[in-house]
Amino acid sequence: MLVVGGGRGLGRGIALAFADAKASVVAVARTGRDLDDLAAASGQIRAETADAADPEVAWRLLDRYEPEVLVLVAGANPVMRPLQHQTWETFSANWNADVKIAFTWLREALLQPLPPAGRIVVVSSGAAIGGSPASGGYAGAKAAQRFIAGYAQDESDRAGLGLTVTAVLPKITPFGDVGRRGIRAYAARNGETEDAFLKRLGDPLTPEQAGSALVGLVRTDPADLAAGYMLTATGLTELP
């Protein structure tokens, strides 16, 4: 399997969970040090240092490894400012990274295509439903990822490729760069401490919980899967 964005945060937890489940895992990230630490943690994990938004990287790695499972977690850190303090460049950062990554890898997965019965999971964000007023275009980008996952499923069905594409929307969590920065910004926006903000959120989603949930998702019969799920510390909840 390939975990795109597997170097840290939820992506790291997902890579380790699949390695623990005896899958051969290829983790892709831009930071070699993170990947070295990850590969050292499990002999089941191979590291690929690369820019996930580069179309040549998607083509090359899918062609080389022919994964049965593809998990897309990678994305950019949004600029945490209210709308009036954004520029178009900061506002659109996640469109030029997160959405481009989803588009690029799903396009290549359909064109090559992935092996029949291949499984693809696009890790979006709960912000795709709840919004994110202090992080520019982040919520819209995450909603676009969910739409693109649905489009890819439709094209697979039309072409008889036998692929299963699922969108997973994790709740904000402090166990990752985006979540930590978001919690800090929204706590300040609400005039409360970070601890108070976290307490209102309930039990935080951990990388280990995310990994376990995705292993279970990939093991589920495709006929029993929904197109999208919310992911929290208690597990996956089907989205309407």
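Quick caveat: nothing in here was measured; it's all calculated off a predicted structure. (Residues numbered from 1 in each chain as written. Predicted model: local features only at pLDDT ≥ 70, side-chain atom pairs only at ≥ 80, totals over all residues. Heavy atoms only, no water.)

(A) Highlighting the overall build of the chain. Along the backbone of the chain there are ten helices and eight strands. Over its C-alpha trace the chain gives a radius of gyration of 17 Å, about what one expects of a compact globule, namely 18 Å for 240 residues. The dimensions of the chain, computed from C-alpha atoms along their principal axes, are 50 × 35 × 35 Å. A burial count over the chain gives 50% of its 240 residues as buried. Across the chain, the fraction of contacts at a sequence separation of at least 24, relative to all contacts at a separation of at least 6, is 66%. For the chain, the accessible area works out to roughly 11400 Å², and carbon and sulfur atoms hold 52% of it. Taken together, the 23 basic and 26 acidic charged side chains of the chain have centroids lying 5 Å from each other. (Helix = DSSP H or I, 4+ residues; strand = E, 2+ residues; numbered from the N terminus. Rg over C-alpha atoms; globule rule 2.2 N^0.38 Å. Buried < 20%, exposed > 50% of the residue type's maximum accessible area, 1.4 Å probe, protein only. Contact = heavy atoms within 4.5 Å. Areas by Shrake-Rupley, 256 points an atom, 1.4 Å probe, with all protein chains shown as cover. Lys, Arg positive; Asp, Glu negative; His and termini not counted. Charge placed at Lys NZ, Arg CZ, Asp CG, Glu CD.)

(B) View of the environment of V28. By the secondary structure assignment, V28 is in strand β2 (residues 25–29). Along the sequence, V28 and V57 sit 29 residues apart, while their C-alpha atoms lie 9.7 Å from each other. When near neighbours in sequence (up to four residues on either side) are disregarded, V28 contacts L2, V3, V4, G5, G6, L35, E48, A50 and L61.

(C) Summary view of the pattern of salt bridges. Tallying each qualifying case throughout the model produces ten salt bridges. With a shortest N-O distance of 2.7 Å, R64 and E48 are connected by a salt bridge. Here the residue R64 occupies a position in helix α3 (residues 55–65), and E48 occupies one in strand β3 (residues 45–49), the gap between them amounting to 16 residues. Assessed through its relative accessible area of 46%, R64 is described here as partly exposed. The salt bridge partner of E192 is R200, with a shortest N-O separation of 2.6 Å. For E192, a relative accessible area of 23% gives the class partly exposed. What makes R200 exposed here is its relative accessible area of 55%. Each of the salt bridges in this network shares a partner with another, and the network as a whole consists of R8, D34, D177 and R180. (Salt bridge = Lys/Arg side-chain N within 4 Å of Asp/Glu carboxyl O.)

(D) Main features of unusual backbone geometry. Between Q112 and the following residue, P113, the backbone shows a cis peptide bond with an omega angle of -20 degrees. Within the secondary structure layout, P113 lies in the loop between α5 (93–111) and β5 (119–123). Positive phi values are uncommon outside glycine, yet K22 reaches one of about 75 degrees. As for its placement among the helices and strands, K22 is situated in the loop between α1 (9–20) and β2.

(E) A look at the sheet that holds strand β6 (residues 164–170). Across the sheet, which stays open at both edges, the eight strands sit in the order β3-β2-β1-β4-β5-β6-β7-β8 with mixed pairing between neighbours. Sheet topology places β3 and β8 (235–238) at the edges, where each strand pairs with a single neighbour. Recorded for the sheet is a direction-independent mean angle of 20 degrees between the axes of neighbouring strands. Where β5 and β6 come together, five bridges link them in parallel fashion. The partner of R119 across the bridge, within β6, is T164. Strands in contact with α3 are β1 (2–4), β2, β3 and β4 (69–72); relative to β3, the strand with the most contacts, it is inclined by about 155 degrees. In the packing of α5 onto the sheet, the strands contacted are β1, β4, β5 and β6, and the crossing angle to β4 comes to about 165 degrees. (Pairing = 2+ DSSP bridges. Axes fitted to C-alpha atoms, helices over the stretch in contact; angles between N-to-C directions.)

Keep in mind these numbers describe shape, not what the thing actually does.
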